[in-house]
Amino acid sequence: MLLRVVRLLVCGVLGGVVLAAAALPVAIAGGGAAKAGGDTWESLPTQLATPRAAQTSYVYANDGKTLITAFYDENRRDVALDEIAPVMAQAVVAAEDARFYQHHGVDIRGVARAFVSNSRGGAQQGASTLTMQYVRNVLKNDPGLTPQQHVDALSDTPARKVREMRYAQAIEKKFSKAEILRRYLNIAYFGAGAYGIASAAQTYFGKSPADLTLPEAAMLAGLLQSPDIDNPLTGDRTAAMNRREYTLASMAKMHTISAQDAAAAATADLHLTELRPPNDCTGVPQEHNDWGFFCDYFREWWNERPEFGTTPAERDERLRTGGYTIVTSLDPNVQSAAMSQSLGVYGYGNARSLPLAVVTPGSGRILAMAVNRHYSLAPGRENTVNQLIAGGAGVEGYQAGSTFKMFTMLAALDGGLPLNTHFNAPARLTTIWPGSASASCGGHWCPANDTPSWMDGDRTMWNGFGRSVNTYFVWLEQRIGARRAVDMAQRLGIKFRGQLDQSLAANADKWGSFTLGVAQTTPLDLANAYAAVAAGGLYCAPLPVLSIKDPDGVSLDAGSPECRQVVDPDVAAAATDAARCPVGRGSAYGKCDGGTAENVSGILGGRPVAGKTGSSENNATETFAGFTPQVAAAGIAVNADNPNDYVGGGVSSAVNQAVALTMVAALRGQPAQAFPAPSRARALGT
């Protein structure tokens, strides 16, 4: 009987006396399935039982505090009731539902009052309780609804009003008033793009909801009735102040605050901030615009993770609506050093660039990604959103020259050849592979050494790698088979993004020039491949995060390293021993006798370090990859837009220094660690 009376009153509230009789059958039809006791919790729609309101995902640097950016469609972040100032909850109750603690979801007295006012031709009043408003907010924010269902959830009809009442009664039986209030505060819209009290407090006042004052809380509560029209940032400031005064008067009437407190708060100045969180990678802080390239890589990494959806579109939606807290691996200090070093070689506006990446061995976590570009869609050479550091989306990479000799050496060691494998390297070597033009000797490809007087002669893997002897490594690749070198590179994470490289890799036995670094790669792939060597042959997929937590604080496995042993540890130790020769460090067996970047050891203060330089044909690019047990880094000097603009060999020393100094920054505060020595059999063959 009670519900039938409520339905009748609702019709009057919605339509006035004249329309009440006509609306009554509709209202009864809308709730005809309900009995006097109302709906049960179990019969509620799923979206009410388990609401799925969109929440903002926040992305932080590795300290867990420095905000990189956020991702959201609706700026909302759920918080617990004890994280909200009590005065805020009191203000909302006073502004929207003064009898909240007396009714059970439907305020019969309020419905009757609205009915009388509307029937007398006075100001049209509604009768929605906070619980009913919560129901409406959940239904309209359900991402699973069709556009028409969203419209229906807001339609001003008796059927909708009765449905809200039924659901509100069921919710009141399930939850405490405190829990209902918490849910309402987290889903309500406060204008200026702020959904929920946490976003509202941040947007309007730049603070957490726990720190809201009485004047601030009253203003926010007053916005709920007309958040877009009345808000003081983008709407009517006078109306916002009037609503604040109304809320304060209601609070005083309820004896929540004194009349004196209400009067003082009504005249208090408001210091509005209009502080909205950044959104997407183009929203990174302007003073840290270089973080955008790391953010871009993180977003692409996320969109490839099956844990977040079956398609990239689904995963992107989860990022923008899932309310995750993501602590990335980006180290702002290392990033700052990498950026400074990249700009030290080529400044903003230069057509050439030095993309540079820093990775942690044993985890694959990325510490920095830098290049002399602003991450921006603005016009101008200095602006781009192309992924110059990690590749993808049309960026295939750059030739890294002799750094690829590492893969041939690893393959040879893996195949049983020791570091002490001798070969009398000639100035030019005639190979088994067909050649053309200037690199042809009788129809066979015949590569040459860059500096014959320094490179030719009896060589081993130690001094062949240290002096970067082309003919030694081409001979070594020919001996073991080019396919093994190509396969080794792929085991260490080198990706072939271009069609030509993919075709050559598919016929790897014929790819004799592979060891000279003619394939395109990226600084990130190269740094991570060398990191696997530093980690004793343990390859870890590049990882841009430390942890990911859902809105409930539950950690997800997606933030964990994905590693696998791809090279025998003794093989990796042997390759590392030879890789100490280029950078001026003696090997464990004392076999180094010259290197192409001997100043690197001094830059790192004499701590154990290994690495390799690389120059592509005609010095089109210049590369350096270096590593210690704790960090690996790589940089490639290149004109990414014009492969015919050769950077020249003169920039080589600057590239070596830039990468080395970035490693110094990454190692600051960490003790020096020694590399393990390879076994005698792996080194000397005895």
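Below you will find a few notes about this structure. Bear in mind that the values here come from a model prediction, so they are computed numbers and not experimental data. (Residues numbered from 1 in each chain as written. Predicted model: local features only at pLDDT ≥ 70, side-chain atom pairs only at ≥ 80, totals over all residues. Heavy atoms only, no water.)

Here we come to the packing of aromatic side chains. For the structure shown, the criterion picks out 24 aromatic pairs. Joined through ring pairs, the aromatic side chains of Phe-71, Phe-298, Trp-301, Trp-302, Phe-308 and Tyr-324 make up one cluster. The ring of Phe-100 has Lys-177 sitting right over it, with the charged end atom 4.5 Å from the ring centre. In this arrangement the basic side chain of Lys-612 is found over the ring face of Phe-465, its NZ or CZ atom lying 5.6 Å from the centre. (Phe/Tyr/Trp six-rings, centres within 6.5 Å; stacked < 30°, edge-to-face > 60°. Lys NZ or Arg CZ within 6 Å of the ring centre and 35° of its normal.)

On to the sheet that holds strand β1 (residues 57-60), then. Pairing within the open sheet is mixed, and its four strands lie in the order β2-β1-β5-β17. The strands lining the two open edges of the sheet, one partner per strand, are β2 (67-71) and β17 (545-549). Taken over all neighbouring pairs, the strand axes of this sheet differ in orientation by 15 degrees on average, direction set aside. Bridge count for β1 against β2 is four bridges, and the pairing is antiparallel. Paired with Tyr-58 across the strands is Ala-70, a residue of β2. Packed on one face of the sheet, helix α14 (residues 291-303) meets β1, β2, β5 (325-328) and β17 and runs near 45 degrees to β2. (Pairing = 2+ DSSP bridges. Helix = DSSP H or I, 4+ residues; strand = E, 2+ residues; numbered from the N terminus. Axes fitted to C-alpha atoms, helices over the stretch in contact; angles between N-to-C directions. Contact = heavy atoms within 4.5 Å.)

So, about the packing of helix α9 (residues 197-205) against helix α10 (residues 214-223). α10 packs onto α9 with a crossing angle of 115 degrees between their chain directions and a minimal axis gap of 11 Å. In this structure, α9 crosses over α10, and the sense of that crossing is right-handed. Residue-level contacts link Ile-197, Ala-200, Ala-201, Tyr-204 and Phe-205 of α9 to Glu-216, Met-219, Leu-220 and Leu-223 of α10. (Left-handed = near helix turned anticlockwise from the far one by under 90°.)

We now examine the layout of surface pockets. Counted as a void, the second largest pocket has a volume near 1,100 Å³. Contributing to the lining of the second largest pocket are 37 residues, with Asn-470, Leu-516, Val-518, Ser-616 and Glu-617 lying nearest its centre. At the level of elements, α18 (452-455) and β19 (610-615) are the ones that each hand at least two residues to the lining of the second largest pocket. In terms of residue count, the dominant contributor to the lining of the second largest pocket is β19 (three residues). (1 Å grid on protein atoms, 1.4 Å probe; cavity = no way out; pocket = protein on both sides within 12 Å on 5 of 7 lines; lining within 4 Å. Points joined across faces, edges and corners; volume = space filled by probe spheres on them.)

The next thing to look at is the pattern of salt bridges. Tallied over the entire structure, the rule returns 21 salt bridges. Glu-216 is the salt-bridge partner of Lys-207, the closest N and O atoms lying 3.0 Å from each other. Via salt bridges that share partners, Asp-280, Asp-296, Arg-299, Asp-316 and Arg-320 belong to a single interconnected network. (Salt bridge = Lys/Arg side-chain N within 4 Å of Asp/Glu carboxyl O.)

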